[in-house]
Amino acid sequence: MKLFRLIRLNMLSENRFTRYLIYASGEIILVVIGILIALQINNWNENKKGKLFEREMLTQIQENLKADKEKLIEINASCSKAIKSADKILGIGPEDPIPDSIRYWLAYFIQFERFQPITNSYEALKSRGLDQVSNKELRLLLGEYYDDEISHTIKSVGDIEKSFNDEWVPIMEQFIVDFKFKEFLIVSDPTIFRKPSKARNILILNKDNYNGAINRVSSAISSVERLEKILTESLERQN
């Protein structure tokens, strides 16, 4: 800068105004070029940081989805087992003897699961803007799963817990002899499940809750699998 200032002063002192204007214009062009280069470097650095952030978040989301899927599969299996147990209980005729296995069938049915998806990485990504994800299809699928699919799944799975607390607990308080969650449930009068009764009606109605949960959970598993596939492809392309 000192050199440029000396050149300008020499030109002005020698009254070479035209040459000074040419020089000044050149100096302005150099400054503009410098600014543009600096902006380009800054944009490059920001893009690099953005890609690193995107990769980090997508990798973490991939791990979160893996945990979600494992829990969803577990819930799906539990619901399927509950429905099969209900069918066995409801299949006991009015004159049939009560099998000893009913204690296990009741335990498999009168229980509940909880689904709490891991959303911290998605929320961190969302706070920076989903446009950080370069793949448009992936952005859409992430939004559908985290902002829509899981809320319906949580509600559907939660309906079973609500039925447990609101409907089964009063029945159990009246008839329970012994109980270990998800393992066995012994009642003082198991015939209430083979004849028309409030307990049998609740069993029939709750079976529908399990069917609804299976539908929702199966849909969520499919969404996770689609996400896993496109996440793997996106991360591989970034390598």
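Rules and cut-offs
Residue positions are counted from 1 within each chain, in the order its sequence is given. Where local features are concerned, this predicted model is filtered to residues with pLDDT of at least 70; where side-chain atom pairs are given and counted, the filter is 80 or more; whole-chain, interface and lining totals use all residues. Hydrogens and water molecules were not included; the side-chain quantities draw on all heavy atoms of the structure. What makes a patch is a set of residues exposed beyond 30% relative accessible area and free of salt bridges, joined within 9 Å when like-charged and within 5 Å when nonpolar (Val, Leu, Ile, Met, Phe, Trp, Tyr). Reported accessibility uses the Shrake-Rupley method at a 1.4 Å probe radius. Residues are deemed covered only where the shown protein chains occlude them. Any Lys or Arg side-chain nitrogen located within 4 Å of an Asp or Glu carboxyl oxygen qualifies as a salt bridge. Labels follow the DSSP assignment, with helices taken as runs of H or I lasting at least four residues and strands as runs of E lasting at least two, numbered in each case from the N terminus. When accessible area is computed with a 1.4 Å probe and restricted to protein chains, residues below 20% of their type maximum are described as buried, those above 50% as exposed, and intermediate ones as partly exposed. Lines fitted to C-alpha atoms define the axes here, with helix axes fitted over just the stretch in contact, and angles between the N-to-C directions of these axes take values from 0 to 180 degrees. Roughly parallel here means an angle under 35 degrees, roughly antiparallel means over 145, roughly perpendicular means 65 to 115, and every remaining angle is called oblique. Note on convention: the crossing is left-handed when the near helix lies turned anticlockwise from the far helix by less than a right angle, right-handed when the turn is clockwise. For this analysis, residues touch if any pair of their heavy atoms sits within 4.5 Å. Each residue receives one of three labels: charged for Asp, Glu, Lys and Arg, nonpolar for Ala, Val, Leu, Ile, Met, Phe, Trp, Tyr, Cys and Pro, and polar for the others, Gly being one of them. For this analysis, a nonpolar core means a set of buried residues of the types Ala, Val, Leu, Ile, Met, Phe, Trp, Tyr and Cys, connected via side-chain atoms within 4.5 Å. Whether two aromatic rings pair depends on their centres lying within 6.5 Å, for rings of Phe, Tyr and Trp, where Trp uses its six-membered ring; planes under 30 degrees apart make the pair stacked, over 60 edge-to-face, and the rest tilted. Any Lys NZ or Arg CZ that is within 6 Å of a ring centre and within 35 degrees of that ring's normal is treated as a charge sitting over the ring.

### Digging into a nonpolar patch on the surface
- Side chains of Ile28, Val31, Val32, Ile35, Leu36 and Leu39 sit close together on the surface and give an oily, nonpolar patch of about 550 Å² of accessible area.
- Inspection of the secondary structure puts Leu36 in helix α2 (residues 17-90).
- What makes Leu36 exposed here is its relative accessible area of 51%.

### Brief notes about the packing of helix α4 (residues 120-128) against helix α5 (residues 136-175)
- One can describe the packing of α4 onto α5 by two numbers: an axis separation of 11 Å at closest approach and a directional angle of 120°. One element, α4, and the other, α5, form an angle in the oblique class. α5 is crossed by α4, and the crossing has left-handed handedness. The residues of α5 that touch α4, namely those facing Tyr122, Leu125 and Lys126, are Leu142, Gly143, Tyr146 and Asp147.
- Considering only residue class, the contact of α4 with α5 consists of four nonpolar, one polar and two charged.

### Some remarks on the nonpolar core
- By size, the foremost hydrophobic cluster in this structure holds 55 residues, and its most contacted members are Leu142, Tyr145, Trp168 and Phe193.
- Listed by contribution, the elements that provide at least two residues to this core are α2, α3 (102-109), α4, α5, β2 (184-187) and α6 (198-238).
- Here the element with the most residues in this core is α6; it accounts for 14 residues.
- Those residues in contact with Phe193, other than ones at most four positions away along the chain, are Ile89, Leu106, Trp168, Val187, Ala199, Arg200 and Leu203.

### A few points about the packing of aromatic side chains
- What the rule picks out here adds up to nine aromatic pairs.
- When the ring of Phe112 is compared with that of Phe164, the centres are 5.1 Å apart and the planes differ by 65°; the resulting orientation is edge-to-face. Taken as a pair, Phe112 in the loop between α3 and α4 and Phe164 in helix α5 lie far apart in primary sequence, 52 residues in all.
- Ring geometry for Tyr145 and Tyr146: centres 4.8 Å apart, planes at 80°, overall edge-to-face.
- Feature note: the residues Phe109, Trp168, Phe193 and Tyr210 constitute an aromatic cluster, connected by ring pairs.
- Over the face of the ring belonging to Tyr108 we find Lys81, whose NZ or CZ atom lies 3.9 Å from the ring centre.
- The residue whose ring lies beneath Arg128 is Phe53, and the NZ or CZ to ring-centre distance is 3.9 Å.

Scope: geometric values only; no functional claims are made or implied.
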